[in-house]
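# Structure at a glance
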Amino acid sequence: MSTDTWSPTSWRNHPAEQQPQWPDQVALDDALKTLAGFPPLVFAGEARALTAQMGEVAAGRAFLLQAGDCAESFDDFAADKIRDKLKVILQMAVVLTYAAGVPVVKVGRIAGQYGKPRSSNTETIEGITLASFRGHNVNSEVFSAEGRRADPARLLTGYHQSSATLNLLRAFTKGGFADLSRVQAWNQEFVASSAEGQHYQEIASGIGRALQFMKACGIDTASEAQLHQVDLFTSHEALLLGYEQALTRRDSLTGDYYDCSAHFVWIGERTRQLDGAHVEFLRGVCNPLGVKLGPSASAEEVLALCEVLNPERQPGRLSLITRMGATKVRATLPPLLEAVRDSGHPVAWVCDPMHGNTFTSGSGRKTRDLNDIMDEVAGFFAAHAAVGTWPGGVHVELTGDDVTECLGGSSRTLDHHLDTRYETICDPRLNGRQALDLAFRVSELLGAG
Ligand code: PEP
Ligand code: CO
């Protein structure tokens, strides 16, 4: 696997897991051709800026907050949904920055998270078997023959919805909404009334006072862009390789290829085979990359992935996102940390405390318990402390809505509450209060380190 044999289509000679069965090949080819003619969603220079910031994470000088939906929905196109998700991410980032005193790199699972890997190709309900839901870029979560049909026209909708979402995010983050003097305004009503919301309010007041103090000292806070704007990068799982290929462009400045569907793209736990199509495709694009690692990942596999995806050992190029499960992280993570440390590969280690902690509750809902999530994060920090590596960040699934999908936390969501507002189209997400709870816990762990 040397780079000279790579091309944007070389993945087609490798086995590709988790690809949908598109019933109409001609329609698929047409859609991909149309996409290839569309403008890039992000620019190569932006992806390079994120690689530089991720290099700071790999070096132990910054912390990554990667957060957003498990699966974004085509039905959630209202501006307030995106704004509310952004508010939660900004709140978490403020808590981490202020309480733990580290720069926080902010990356959304947003503006393109429309393709889902599934553990089974089909789903059976009351004797009827249909294709599984694979994300809105492929089909619908509605359990009907029509709903579950893979429709290539959805790829075009996915592009346009990503574009509209990104446009709004750019406006929110650069146009005043993310101004640090508005830090209080990101506290949504349902969050503000909780203990975490009040704790957040104290931080917000502290920041307000600090800004006043700086002004009173004669510092021209108005001209400091850092106080008025935020960099929020986009990311998603690079699952549907035809789509990713169609949005891949050669950068006119460097001649390098970038997957311009998002700033950061990752390979999922189910598609990280060394000789597989996903690894082949992503090794040739210059975006910052992630790879998910579950409890079965061996040190040899991880080192081989580092060699293939980051042969030049560029800091910030590769993040390893571990999702071991709260009961396994303390045993499975340290050998991987040691092996990568000893190899000298400069990776950013990120904890996904969501995907190893999903279970079906007594009421039959797929859920996660905030205690398990916090416990996996604590285990992740403990493993890094033991090995002497930097716990570089967290990767979480959340929403700005006051949903009841995960158990526990200050919102005291119990099993019999799950039905009240269970709205996810895929995995259960933290609501705003649970997300803030988690941010405070992570900032304690960071502060203790
Ligand atoms: C996800 O991030 O939604 C996901 C499916 O994760 P993983 O590949 O780790 O299972
Ligand atoms: Co998920």
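In what follows, the structure referred to is the one given above.
Attention here is on the structure that accompanies the text. Model, not experiment: these values are computed from the prediction. (Residues numbered from 1 in each chain as written. Chains lettered and ligands numbered in written order. Predicted model: local features only at pLDDT ≥ 70, side-chain atom pairs only at ≥ 80, totals over all residues. Heavy atoms only, no water.)

The next thing to look at is the overall build of the protein. For the protein, the count of helices and strands is 12 helices and 14 strands. The C-alpha radius of gyration of the protein comes to 21 Å, within 12% of the 22 Å expected for a compact globule of 449 residues. Seen through its principal axes, the protein has C-alpha atoms that stretch 65 × 50 × 45 Å. When each of the 449 residues of the protein is scored for burial, the buried share is 57%. Within the protein, contacts between residues separated by at least 24 positions form 75% of all contacts whose residues are at least 6 apart in sequence. (Helix = DSSP H or I, 4+ residues; strand = E, 2+ residues; numbered from the N terminus. Rg over C-alpha atoms; globule rule 2.2 N^0.38 Å. Buried < 20%, exposed > 50% of the residue type's maximum accessible area, 1.4 Å probe, protein only. Contact = heavy atoms within 4.5 Å.)

The next thing to look at is the packing of aromatic side chains. Applying the stated criterion to the full structure yields 7 aromatic pairs. Taking 6.0 Å as the distance between ring centres and 80° as the angle between the ring planes, the aromatic pair formed by F380 and F381 counts as edge-to-face. A relative accessible area of 0% places F380 in the buried class. Three or more aromatic residues joined by ring pairs form one cluster here, namely W6, Y257 and F281. The residue whose ring lies beneath R365 is Y422, and the NZ or CZ to ring-centre distance is 4.3 Å. (Phe/Tyr/Trp six-rings, centres within 6.5 Å; stacked < 30°, edge-to-face > 60°. Lys NZ or Arg CZ within 6 Å of the ring centre and 35° of its normal.)

This brings us to the environment of G325. Note that G325 resides in the loop between β10 (318–322) and α10 (329–343). For the pair G325 and C406, spaced 81 residues apart in sequence, the C-alpha to C-alpha distance is 15 Å. Residues in contact with G325, not counting those within four places in the same chain, are G356, N357 and E376.

Let's shift gears to the packing of helix α1 (residues 25–36) against helix α4 (residues 153–174). Remark: α1 packs on α4, axes separated minimally by 8 Å, with the N-to-C direction vectors making an angle of 25°. If you check the angle between α1 and α4, you find them roughly parallel. Every residue of α4 that contacts α1 at L28, A31, L32, T34 and L35 is listed here: L155, L156 and Y159. Its residues placed into classes, the contact of α1 with α4 shows 7 nonpolar, 1 polar and no charged. (Axes fitted to C-alpha atoms, helices over the stretch in contact; angles between N-to-C directions. Parallel < 35°, antiparallel > 145°, perpendicular 65-115°, else oblique. Nonpolar A, V, L, I, M, F, W, Y, C, P; charged D, E, K, R; others polar.)

All right, on to the environment of E423 then. Tracing the sequence through the fold places E423 in the loop between β14 (391–397) and α12 (432–448). Spatially, the C-alpha atom of E423 lies 10.0 Å from that of D402, the residues being 21 residues apart in sequence. If sequence neighbours within four positions are ignored, E423 has contacts with D401, V403, E405 and R429.

What follows concerns the site of ligand 1. The environment of ligand 1 is made up of C70, R109, K116, P117, W266, G268, E269, R270, K292, R323, H355 and E397. In the environment of ligand 1, an oxygen atom lies 2.7 Å from a nitrogen or oxygen atom belonging to the side chain of R323. Coverage of ligand 1 by the protein chains reaches 98% of its 300 Å² of free accessible surface. (Near = heavy atom within 4 Å. Polar contact = N/O pair within 3.5 Å; in protein donor to acceptor, adjacent residues only side chain to side chain. Areas by Shrake-Rupley, 256 points an atom, 1.4 Å probe, with all protein chains shown as cover.)

Another point: unusual backbone geometry. For E126, which is not glycine, the phi dihedral falls at a positive 45°. Tracing the backbone through its elements, the reader meets E126 in the loop between β3 (122–125) and β4 (128–131).

What follows concerns the sheet that holds strand β11 (residues 348–351). Strand order in the closed barrel formed by 8 strands is β1-β2-β5-β8-β9-β10-β11-β14, and the pairing between neighbours is parallel. Geometrically, the sheet is characterised by an average inter-axis angle of 25° between neighbouring strands, direction not taken into account. With 6 bridges connecting them, strand β1 (residues 63–68) and strand β2 (residues 104–109) associate as parallel partners. By the bridge assignment for β2, G68 is matched with R109. Sheet strands touched by α10: β9 (289–293), β10 and β11. Its angle to β11, the strand with the most contacts, is close to 165°. (Pairing = 2+ DSSP bridges.)

Taken together, C70 (SG), H355 (NE2), E397 (OE) and D427 (OD) make up the protein donors of the cobalt ion (ligand 2), found 2.1 to 2.4 Å from the metal. Look at where the donors of the cobalt ion (ligand 2) fall in the sequence and you get C-x284-H-x41-E-x29-D. Of this pair, C70 sits in the loop between β1 and α3 (79–100) while H355 sits in the loop between β11 and β12 (359–360); the two residues are 285 residues apart in sequence, bridging distant segments of the chain. Pair check on accessibility: C70 and H355 agree, each one buried. (Donors = N, O, S within 2.8 Å, 3.2 Å for Na, K, Ca; no water.)

Okay, the nonpolar core next. Formed by 110 residues in total, the largest nonpolar core has its most connected members in L293, L320 and W349. Among the elements that take part in this core, α3 stands out by supplying 11 residues, more than any other. Excluding anything up to four places from it in sequence, L293 contacts E269, R272, V302, L305, L320, I321, T322, R323, M324, L336 and W349. Counting 13 residues, the second-largest nonpolar core is a separate cluster that includes A62, L64, V107 and I321. (Core = buried A, V, L, I, M, F, W, Y, C linked by side-chain atoms within 4.5 Å.)

Time to look at the pairing of β1. β1 sits mainly inside the fold: 6 of its 6 residues count as buried. Because side chains alternate across β1, one face comprises the buried residues F63, L65 and A67, and the other comprises L64, Q66 and G68, equally buried. Read as a crossover between parallel neighbours, the route from β1 over α3 to β2 is right-handed. Bridge count for β1 against β14 is 5 bridges, and the pairing is parallel. From the neighbouring strand, G68 faces β14, where its bridge partner is E397. (Right-handed = clockwise from strand over helix to strand, strands pointing away.)

Looking now at the pattern of salt bridges. Counting across every chain of the model gives 26 salt bridges. With a closest N to O distance of 2.9 Å, D251 and R48 form a salt bridge. Of this pair, D251 sits in the loop between β6 (248–250) and β7 (257–259) while R48 is found in helix α2 (residues 44–58), placing the two residues 203 residues apart along the sequence. The partly exposed category is assigned to R48, whose relative accessible area is 28%. (Salt bridge = Lys/Arg side-chain N within 4 Å of Asp/Glu carboxyl O.)

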